[in-house]
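One letter stands for each residue in the lines below.
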Amino acid sequence: MKVLLVGGGGREHALAWKLAQSPLLTRLIAAPGNPGIARHAECIPIKDVAVDEQVALARRERVDLVVIGPEMPLSLGLADRLAEAGIAVFGPSQAAARIESSKAFAKDLMARYGIPTARFETFQEAASARRFCRTLGAPLVVKTDGLAAGKGAIVCRTLDEADAAIGLCLDAKSFGAAGATVVIEEFMEGEEASFFVLTDGAAALPLESAQDHKTIFDDDRGPNTGGMGAYSPAPVVDEAMSRRVMEEIVAPTIAAMAKEGAPFAGVLYVGLMIDRRGPRVVEFNCRFGDPECQAILPRLDEDLLPLFDAVARTAWREGRVVTAGGRVIGVQALGPDIRTAIARAYAGVERIHFAGMQFRRDIGRRAVERA
Ligand code: AMP
Ligand code: GLY
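Residues numbered from 1 in each chain as written. Chains lettered and ligands numbered in written order. Predicted model: local features only at pLDDT ≥ 70, side-chain atom pairs only at ≥ 80, totals over all residues. Heavy atoms only, no water.

1. Examining the overall build of the protein chain
Along its length, the protein chain carries 13 helices and 16 strands. Its C-alpha atoms give the protein chain a radius of gyration of 20 Å, near enough to 21 Å, the size a compact globule of 371 residues would have. Here the C-alpha coordinates of the protein chain stretch approximately 60 × 45 × 45 Å along the principal axes. The buried share among the 371 residues of the protein chain stands at 54%. Accessible surface computed for the protein chain: about 16600 Å², of which carbon and sulfur atoms make up 51%. In the protein chain, the 44 positive side-chain charges and the 48 negative ones have mean positions that sit 1 Å from each other. (Helix = DSSP H or I, 4+ residues; strand = E, 2+ residues; numbered from the N terminus. Rg over C-alpha atoms; globule rule 2.2 N^0.38 Å. Buried < 20%, exposed > 50% of the residue type's maximum accessible area, 1.4 Å probe, protein only. Areas by Shrake-Rupley, 256 points an atom, 1.4 Å probe, with all protein chains shown as cover. Lys, Arg positive; Asp, Glu negative; His and termini not counted. Charge placed at Lys NZ, Arg CZ, Asp CG, Glu CD.)

Listed below in structure tokens is the structure:
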């Protein structure tokens, strides 16, 4: 199979590394790719968001399958355009990608279908938004409706912080159109985990869990980023929790999307907050996480290419995936246990030096504390 991989981040590097191991692969093209990806694929300098050029490339190269890594081209309708051109594509339609590209859509869907999530309301006007904050009380979370590269969720410890965050979105328009609508929601306590599922829009196959570290500084301090580091599996997601997430969240969400006329086919990322009562949804994403993907893929024995292909084409057979055992640079390491994996990863980090280098020293510490 000739495959085009769209994207150029660490996530796409992990995908390229994994796809390159498939015996079914005959040629891998990446657009735009990056120097790491170039070890596994021929890189063509076309931006992931250049929809027309990506479609033209897929046609010209007569690829059998396109795998789309990032959310931005999905939210721009790249999957739809490829499908219209008769090209098989792994990645959801523009309508299905709204589960990530509009938090207001995702929250409304969850409310209407009884999918557990934080209490919320949606606003376009600052005064009523600030009034709702008074009914919720602090802490609370102010979120831009649209995509903001992982920076659109502002956790507010006080009502003053909430007022400022609302001002930033609705008055100063700091996030542009993405922040013209905000979702304000209750702050959830608990343990966070990212949970990944492959789905063709009807059946669902759980892949693996991971834990991302979103704030810029150690000990979960500072503003949120797209993710500073990740490890897999997340200890809170044991077998029983995985089953609950599939039953209480994933199955109803996939059914809801189909019922809404926007069946979701691709990889569904479920951001979870887990407490004693069970799992609740923090957010949905319409793609693999970055950097979670880099932590998960080395643990999968299964060849992903036939699974991606099945999702892209026909209804698929129920399968089973077996597990073995903004970033400038990502360092990955496997180990028989989390301590060893951390030690090996940080041994790698010690060899990297550049001006302004910023990294967290506590990636995976939670898992050690729980071990
Ligand atoms: P999001 O962009 O929605 O994934 O939010 C980014 C991060 O903000 C999450 O990974 C959480 O750490 C935090 N966060 C978002 N919403 C909530 C919430 N309702 N309660 C607690 N933390 C949240
Ligand atoms: N690491 C968080 C994300 O990919 O959205």
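Following the structure, the description resumes.
2. A look at helix H2 (residues 51-60)
All of the buried residues in H2 are Val51, Gln54, Val55, Leu57 and Ala58. Looking straight down H2, one finds its buried side chains confined to an arc of 160°; they lie on one side. Opposite the packed face of H2, turned more than 90 degrees from it, sit the exposed residues Asp52, Arg59 and Arg60. Buried residues along H2 sit against strand E1 (2-7), strand E2 (27-32), strand E4 (65-68) and helix H4 (78-84). (Arc of directions from axis to C-beta. Contact = heavy atoms within 4.5 Å.)

3. Observations regarding the domain arrangement of the protein chain
The domain boundaries assigned to the protein chain delineate domain 1 (2-92), domain 2 (119-186), domain 3 (189-303) and domain 4 (338-370). When each unit is reduced to the centre of its C-alpha atoms, the spacing between domain 1 and domain 3 is 23 Å. Listed as interface residues are 17 residues of domain 1 and, on the opposing side, 18 residues of domain 3. Both sides together, the interface formed by domain 1 and domain 3 hides about 1300 Å², and carbon and sulfur atoms give 68% of it. There are one salt bridge connecting domain 1 and domain 3. On inspection of domain 1 and its partner domain 3, the count reaches six residue pairs in polar contact (both at pLDDT 80 or more). Broken down by secondary-structure element, the contributors of at least two residues to the side of domain 1 that touches domain 3 are helix H1 (10-19) and helix H3 (71-75). Broken down by element, the side of domain 1 that touches domain 3 gets its largest block of residues, six residues, from H1. Residue classes in the side of domain 1 that touches domain 3 are distributed as nine nonpolar, five polar and three charged. (Domains from an automatic or database assignment. Buried area = accessible area lost by both parts, 1.4 Å probe. Salt bridge = Lys/Arg side-chain N within 4 Å of Asp/Glu carboxyl O. Polar contact = N/O pair within 3.5 Å; in protein donor to acceptor, adjacent residues only side chain to side chain. Nonpolar A, V, L, I, M, F, W, Y, C, P; charged D, E, K, R; others polar.)

4. Digging into the sheet that holds strand E6 (residues 120-123)
Strand order in this open sheet of four strands is E6-E9-E7-E8, and the pairing throughout is antiparallel. Edge positions in the sheet fall to E6 and strand E8 (153-156), since each of these pairs with one other strand and no more. This sheet shows a mean twist of 20° between the axes of neighbouring strands, independent of strand direction. Looking at chain direction, strand E7 (residues 140-144) and E8 are connected through four bridges and run antiparallel. The residue of E8 that forms the bridge with valine 141 is valine 155. Where helix H8 (residues 159-171) meets the sheet, its contacts fall on E6, E7, E8 and strand E9 (182-186), and the angle it forms with E7 comes to roughly 5°. (Pairing = 2+ DSSP bridges. Axes fitted to C-alpha atoms, helices over the stretch in contact; angles between N-to-C directions.)

5. Some details on the nonpolar core
Ranked by internal contacts, the top residues of the largest apolar core, which has 51 residues, are Leu4, Val66, Ile68, Leu82, Ile99, Phe195 and Val270. Considering each element in turn, this core owes the most residues, eight residues, to helix H9 (residues 239-259). Two domains share this core, each providing at least three of its residues, namely domain 1 (2-92) and domain 3 (189-303). Listed in part, the 33 residues of the second largest apolar core include Val3, Leu28, Phe196 and Leu300. (Core = buried A, V, L, I, M, F, W, Y, C linked by side-chain atoms within 4.5 Å.)

6. Concerning the site of ligand 2
Taken together, the neighbourhood of ligand 2 is formed by Asp212, Lys214, Gly226, Tyr269, Asn285, Arg287, Gly289, Asp290, Pro291 and Glu292. In the environment of ligand 2, a nitrogen atom lies 2.7 Å from a nitrogen or oxygen atom belonging to the side chain of aspartate 212. Contacts to ligand 2 include glutamate 292, whose side-chain N or O atom sits 2.8 Å from a nitrogen atom. Calculation on ligand 2 without its partners gives an accessible area of 200 Å², and the protein chains cover 90% of this total. Tallied by class, residues from the shell around ligand 2 come to two nonpolar, three polar and five charged. (Near = heavy atom within 4 Å.)

7. Some thoughts on the packing of aromatic side chains
Under the counting rule described, the total for this entry stands at five aromatic pairs. Taking the centre distance of 5.5 Å and the plane angle of 40° together, the rings of phenylalanine 123 and phenylalanine 132 count as tilted. For the pair shown, phenylalanine 123 and phenylalanine 132 are each scored as buried. Members of the aromatic cluster, connected to one another through ring pairs, are Phe90, Phe196, Tyr269, Phe288 and Phe308. (Phe/Tyr/Trp six-rings, centres within 6.5 Å; stacked < 30°, edge-to-face > 60°.)

8. Details of the side chain of serine 194
Summarising the element assignment, serine 194 is placed in strand E10 (residues 191-199). Those residues in contact with serine 194 that lie beyond four places of it in its chain are Glu208, Ser209, Ala210, Asp212, Tyr269, Val270 and Glu292.

9. Some words on the environment of asparagine 34
You can see asparagine 34 is positioned in the loop between E2 and strand E3 (42-43). Of note is the side chain of asparagine 34, whose polar atom sits 3.1 Å from the backbone oxygen of glycine 8. From its side chain, asparagine 34 meets the backbone nitrogen of glycine 36 in a polar contact 2.9 Å long.

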